[in-house]
Structure formats: C-alpha cells, structure tokens
Amino acid sequence: MAATKLSALALVVMFLCLSGQYQLTTSAANTCSTQLANLVACAASVVPGSSVGPPSKACCSALSSVSHQCACNTLDIINSLPTKCGQTAVKCS
C-alpha cells in the first residue's frame, strides 16, 4: 500500500514538473524531466485501484531509461514534501 502511495505521489510530482509548477534550471534537470515525462506510460499501472495488470512494455522501457540520479533526486523531492506541507514524513518499511 505504501509503495502504491509513493508511486502515485511520484506521478503527482512528475505532473507538477510538467505543468511548470516546479522550475527546472539545468540541462540535467531537463533530461530528468524528460525521463519522468516518459513514465506517463506507467500511469495506468500505478493508479490506486487500477486493474490494468502488469506494466506495459512501454512503461518498462520508460522506467529503464530513468537514470539513477534522476530517480534518487525525484524520491528526495517526494520525501521532502510532507514535512514542507506540515505533514508526517513518509516512512516505508
């Protein structure tokens, strides 16, 4: 359940990046932004309550193209949001 919430939150962050709410200033960030944008192919597989089944080949391909640094930076952003919003930090165990 926590993994599903984290995945859904990752998609929210991705859409915030795409909508211009989160300003990307470096070429590395723009590359990461593009990598995350490609993950839209995974949306149906990670939305809570979805009965789509396993991720599509397009999703798996997009996921494999996300760099380690991009993934880690995105998770850092996701993990920092709850405390910035006055909420309890997400702890996965």
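Residues numbered from 1 in each chain as written. Predicted model: local features only at pLDDT ≥ 70, side-chain atom pairs only at ≥ 80, totals over all residues. Heavy atoms only, no water.

Focus: the overall build of the protein chain
Definition in use: Only DSSP runs of H or I reaching four residues or more are called helices, and only runs of E reaching two or more are called strands; each is numbered from the N terminus. Partly exposed describes any residue whose relative accessible area lies between the buried limit of under 20% and the exposed limit of over 50%, with all areas from a 1.4 Å probe on protein chains only and scaled to the type maximum. Only the protein chains shown count as cover for residues, with accessible areas throughout obtained via the Shrake-Rupley method and a probe of 1.4 Å.
On a plain count of helices and strands, the protein chain comes out with five helices and zero strands. The order of helices and strands in the protein chain, counted from the N terminus, is α-α-α-α-α. When burial is assessed residue by residue, the protein chain has 20% of its 93 residues classed as buried. Accessible area of the protein chain: about 6200 Å², with a carbon and sulfur share of 61%.

A look at the environment of Ala 62
Inspection of the secondary structure assignment puts Ala 62 in helix H4 (residues 57-64). Each C-alpha atom, one on Ala 62 and one on Val 40, is 8.6 Å from the other, the two residues being 22 residues apart in sequence.

Some details on the state of the cysteines
The criterion, for reference: Cysteine sulfur atoms that come within 2.5 Å of each other are treated as a disulfide pair.
In the structure shown here, the tally under the stated rule is two disulfides. For Cys 32, the disulfide goes to Cys 70, at an S-S distance of 2.0 Å. A torsion of 75° about the S-S bond marks the disulfide between Cys 32 and Cys 70 as right-handed. Of the two residues, Cys 32 sits in helix H2 (residues 27-37) while Cys 70 sits in helix H5 (residues 68-84), which places them 38 residues apart along the sequence. In this structure Cys 60 is a free cysteine whose sulfur lies 5.2 Å from that of Cys 59, the closest cysteine sulfur available. Cysteine Cys 72 remains unbridged, with the sulfur of Cys 70 as its closest cysteine sulfur at 9.3 Å.

Re the confidence of the model for the protein chain
Where we set the bar: Here pLDDT means the predictor's own confidence in every residue, given as a number from 0 to 100. Contact definition: two residues touch when any of their heavy atoms are within 4.5 Å.
The predicted model of the protein chain has a mean per-residue pLDDT of 77, with 68% of residues at 70 or higher. Within the protein chain, the lowest mean pLDDT, 54, falls on helix H1 (residues 2-19), and the highest, 94, falls on H4. Here residues 18-25 is a poorly scored stretch, pLDDT under 50, and it has nine contacts once near neighbours within four places are set aside; other chains count.

Some details on the side chain of Thr 74
Note on placement: Thr 74 falls in helix H5. The exposure class assigned to Thr 74 is buried, which follows from its relative accessible area of 9%. Setting aside anything within four residues of it in sequence, one finds Thr 74 in contact with Cys 32 and Leu 36.

What to know about the environment of Ser 80
Heads up, the condition is: N or O atoms closer than or at 3.5 Å make up a polar contact, with two conditions inside protein: a donor-capable atom paired with an acceptor-capable one, and, for residues adjacent in sequence, both atoms drawn from side chains.
Within the secondary structure layout, Ser 80 lies in helix H5. It is 8.8 Å that separates the C-alpha atoms of Ser 80 and Val 90, two residues lying 10 residues apart in sequence. A polar atom in the side chain of Ser 80 sits 2.9 Å from the backbone oxygen of Ile 77.

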